[in-house]
Amino acid sequence: MIELMILRVLHIRGWPRKAHNIIAVVWRPPPHSWIKVNIDGSAFGAPGLSRCSWVFRTHRGFVHDYFSIFLGVGYAFVSELAAAIHAIDFA
């Protein structure tokens, strides 16, 4: 809503868009003896301040370890790769 107010002050017409598709996403646990790792990397800008993180989960959904690392200035793609490399290295 704040963004629309800013657009109006700048005399720019902005209309909220409707979502094309809404897809339900369900977390599926790994098999009983496995541990699953979820990774994420992001950058605030291109390039911008970037960070990567990862979390390990069991079949019961419990978090084993969660990590987050500030990477400095970079791109989202590089931070995704860094997250994968760090998670594999830790595992």
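This one's a predicted model, so the numbers in the text were calculated from it and none came from an experiment. (Residues numbered from 1 in each chain as written. Predicted model: local features only at pLDDT ≥ 70, side-chain atom pairs only at ≥ 80, totals over all residues. Heavy atoms only, no water.)

(A) Geometry of the UniProt feature "transmembrane region" (unreviewed entry) in the chain. Cross-referencing UniProt, the feature "transmembrane region" (unreviewed entry) maps to residues 66-88 in the present numbering. Helix and strand shares over residues 66-88 are 57% and 39% respectively, and the end C-alpha atoms of the span are 13 Å apart. (UniProt positions renumbered as here; feature names shortened; annotations may be inferred. Helix = DSSP H or I, 4+ residues; strand = E, 2+ residues; numbered from the N terminus.)

(B) Geometry of the packing of aromatic side chains. With the rule as written, the count across this model stands at three aromatic pairs. A centroid spacing of 4.7 Å and a plane angle of 55 degrees characterise the contact between F67 and F90, whose relative ring orientation is tilted. In this pair, F67 sits in strand β3 (residues 63-74) while F90 sits in helix α2 (residues 76-90), placing the two residues 23 residues apart along the sequence. Overall, the relative accessible area of 28% leaves F67 in the partly exposed class. The exposure class of F90 is partly exposed, given its relative accessible area of 43%. Ring-pair connections join several aromatic residues into one group, and the members of that group are W54, F56, F67 and F90. (Phe/Tyr/Trp six-rings, centres within 6.5 Å; stacked < 30°, edge-to-face > 60°. Buried < 20%, exposed > 50% of the residue type's maximum accessible area, 1.4 Å probe, protein only.)

(C) Quick look at the pairing of strand β2 (residues 48-57). With seven of 10 residues buried, β2 lies mostly within the body of the structure. Taking the residues that link successive antiparallel strands as the turn, the strand β1 (residues 36-45)-β2 hairpin has two residues. With nine bridges joining them, β2 and β3 adopt antiparallel strand pairing. Each bridged residue has a counterpart across the sheet, and for S50 the counterpart in β3 is G72. Linking β2 back to β3 in an antiparallel pair, the connection comprises five residues, with G61 at a positive phi of about 90 degrees. (Pairing = 2+ DSSP bridges.)

(D) Main features of the nonpolar core. Residues C52, W54, F56, A82, A83 and A87 constitute the largest nonpolar core, which totals six residues. Mapped onto this core, the elements with two or more residues apiece are β2 and α2. Beyond its immediate sequence surroundings of up to four residues, W54 is in contact with V37, N38, I39, D65, Y66, F67, I69, A83, H86, A87 and F90. (Core = buried A, V, L, I, M, F, W, Y, C linked by side-chain atoms within 4.5 Å. Contact = heavy atoms within 4.5 Å.)

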